[in-house]
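Chain by chain, the residues run as shown.
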Amino acid sequence: MLSGCSSSSKSSTNQGSDNQKNKKTVTLTIGGYSTIKDEFEAIFPLFQKEWKKKTGQTVVFKESYQGSGSQALNITNGFEADIAALSLEGDIDKIVKAGLITHNWKSAPHGGIITKSIVAFGVRNGNPKKIHDWADLTKKGVQVLLPDPKTSGGARWDVNAIYGAGLKSSEEKTGKKDPEQAKKLLSKVYKNVKSLDKSGEESMSTFDKGNGDVIITYENELIDRIKSGKNYEEVIPKYTTSIENPAAVVDKYVDKHGTRKVAEAFLKFLWSPQAQKIFAESGFRPVDSQIAKKYADKYTQPAGLFTTSYLGGWNKVGTKLYGDGGIWDQVVAGN
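Presented here is an overview of the structure given in this document. Only a predicted model underlies this, so the values are computations on that prediction, with no experimental measurement involved. (Residues numbered from 1 in each chain as written. Predicted model: local features only at pLDDT ≥ 70, side-chain atom pairs only at ≥ 80, totals over all residues. Heavy atoms only, no water.)

### Quick word on the nonpolar core
Soluble globular proteins tend to pack their nonpolar side chains together in the buried interior. Counting 70 residues, the largest nonpolar core has F40, W134, L137, I216 and F266 as the members making the most contacts within it. In terms of residue count, helix 4 (residues 153-174) provides more of this core than any other element does, seven residues in total. With residues up to four places along the chain from it excluded, the contact list for W134 reads V119, F121, D158, A161, I162, A165, L185, V189, I216, P237 and Y239. One finds F79, A84, I95 and W105 within the second-largest nonpolar core, a separate group that totals 14 residues. (Core = buried A, V, L, I, M, F, W, Y, C linked by side-chain atoms within 4.5 Å. Buried < 20%, exposed > 50% of the residue type's maximum accessible area, 1.4 Å probe, protein only. Helix = DSSP H or I, 4+ residues; strand = E, 2+ residues; numbered from the N terminus. Contact = heavy atoms within 4.5 Å.)

So this is what it looks like as structure tokens:
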């Protein structure tokens, strides 16, 4: 029932504005960020069964997964995804600015967010480098893994966490945020970065191969791998950011393909108890309050959890941290 496509492939389902309600098979194309792949592939059969029972139609999924920033660019450049499921709000907004998403996607349940997580550290079994907080990542001889925020949405959450932790620490000491101290912390951590992979998934694969002492990543990635038998430990720093992952129907492409009805139904299904339970069992923090309660004992609440609003919101972050000549570019250049 499931068929894959490469990240550069385009959907062959080009049925214009034809009504597909009488067709026996409907193809839905997913443009996702790399981390969500396994969970989506567990959710697809549940939706296929429900949609078949409701309409008599067979849903065939075509899929593409890569770093969130790259996937957003892929969609704006012509990859005709019916659903964009990305790592962060800013990447969905790139598709909005390209004129492909024309509705208010944030008006959906939970503001369009389908999963949550936090930024955490993955360390080797026994924590041999004694990693407990951000300052430990700046010590001599500690090799850090981090995806590239120019291609990975997950990496932007990671960098937000580092920078925000710097602001929080300075605020704790002086009573106000000090951007210079935050940049200094980011620079010190960057100096110990051994590998900048294109996506969070590639970064985890690098860690899986035995490279690096600590990886900065989504908590759910660590929980999922520890559950599968990997000899890792999760370390939650005092200050870290809440991760919120959005999904939206891509209006221009669903209208071109005639898939709006099934696309909207699938997006709605991602907030169903069945789907939220799959996310929770994989280590995501569910957005459904009832499912969240059932899995509450599985998660540690960080002492100093903050959101992107603490940094000024995604518009400010996108320009100040990741824009041309921004803080990240300065850090990489050693300035």
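Back to the write-up after that little detour.
### Some remarks on the layout of surface pockets
Put simply, the largest pocket is a space of about 370 Å³. Elements supplying a minimum of two residues to the lining of the largest pocket: helix 4 and helix 5 (179-191). Per element, the largest residue contribution to the lining of the largest pocket is seven residues, and it comes from helix 4. Considered class by class, the residues forming the lining of the largest pocket number five nonpolar, six polar and six charged. When its volume is computed, the second largest pocket comes out at roughly 250 Å³. Taken together, 17 residues make up the lining of the second largest pocket; nearest its centre are S34, T35, Y65, S199 and E201. At the level of elements, helix 1 (37-55), strand 3 (58-66), helix 6 (200-208) and helix 7 (219-227) are the ones that each hand at least two residues to the lining of the second largest pocket. (1 Å grid on protein atoms, 1.4 Å probe; cavity = no way out; pocket = protein on both sides within 12 Å on 5 of 7 lines; lining within 4 Å. Points joined across faces, edges and corners; volume = space filled by probe spheres on them. Nonpolar A, V, L, I, M, F, W, Y, C, P; charged D, E, K, R; others polar.)

### Remarks on empty space enclosed by the protein
All chains considered together, the criterion is met by two cavities of 30 Å³ or more. The computed volume of the largest cavity comes to approximately 90 Å³. Taken together, the elements giving at least two residues each to the lining of the largest cavity come down to helix 4, helix 6 and strand 8 (214-218). Per element, the largest residue contribution to the lining of the largest cavity is four residues, and it comes from helix 6.

### Things to note about the side chain of T115
Note on placement: T115 falls in strand 5 (residues 113-124). Within polar-contact distance, the side chain of T115 engages the side chain of N245 at 2.8 Å. Look past the residues within four positions of T115 in its chain and what remains in contact with it is Y33, I243, E244, N245, F279, F284, R285 and V287. (Polar contact = N/O pair within 3.5 Å; in protein donor to acceptor, adjacent residues only side chain to side chain.)

### Some remarks on the environment of L185
Secondary-structure assignment places L185 in helix 5. In this structure L185 comes out as buried when scored by relative accessible area, which is 15%. A C-alpha to C-alpha distance of 20 Å links L185 and G153, two positions 32 residues apart in sequence. Those residues in contact with L185 that sit more than four places away from it in its chain are W134, T138, I162, A165 and G166.

### Section: helix 4
Since one α-helical turn is 3.6 residues long, residues separated by three or four positions face the same way. When the terminal C-alpha atoms of helix 4 are compared, their 31 Å separation across 22 residues agrees well with the 32 Å that a helix rising 1.5 Å per residue should span. Burial analysis of helix 4 places 17 of its 22 residues in the buried class, which makes it a mostly covered element. Put simply, S152 is the residue that caps the front of helix 4, since its side-chain oxygen is 3.2 Å from the backbone nitrogen of G154. Positive backbone phi, at 90°, marks G175, one or two positions downstream of helix 4. (Expected span 1.5 Å × (residues − 1).)

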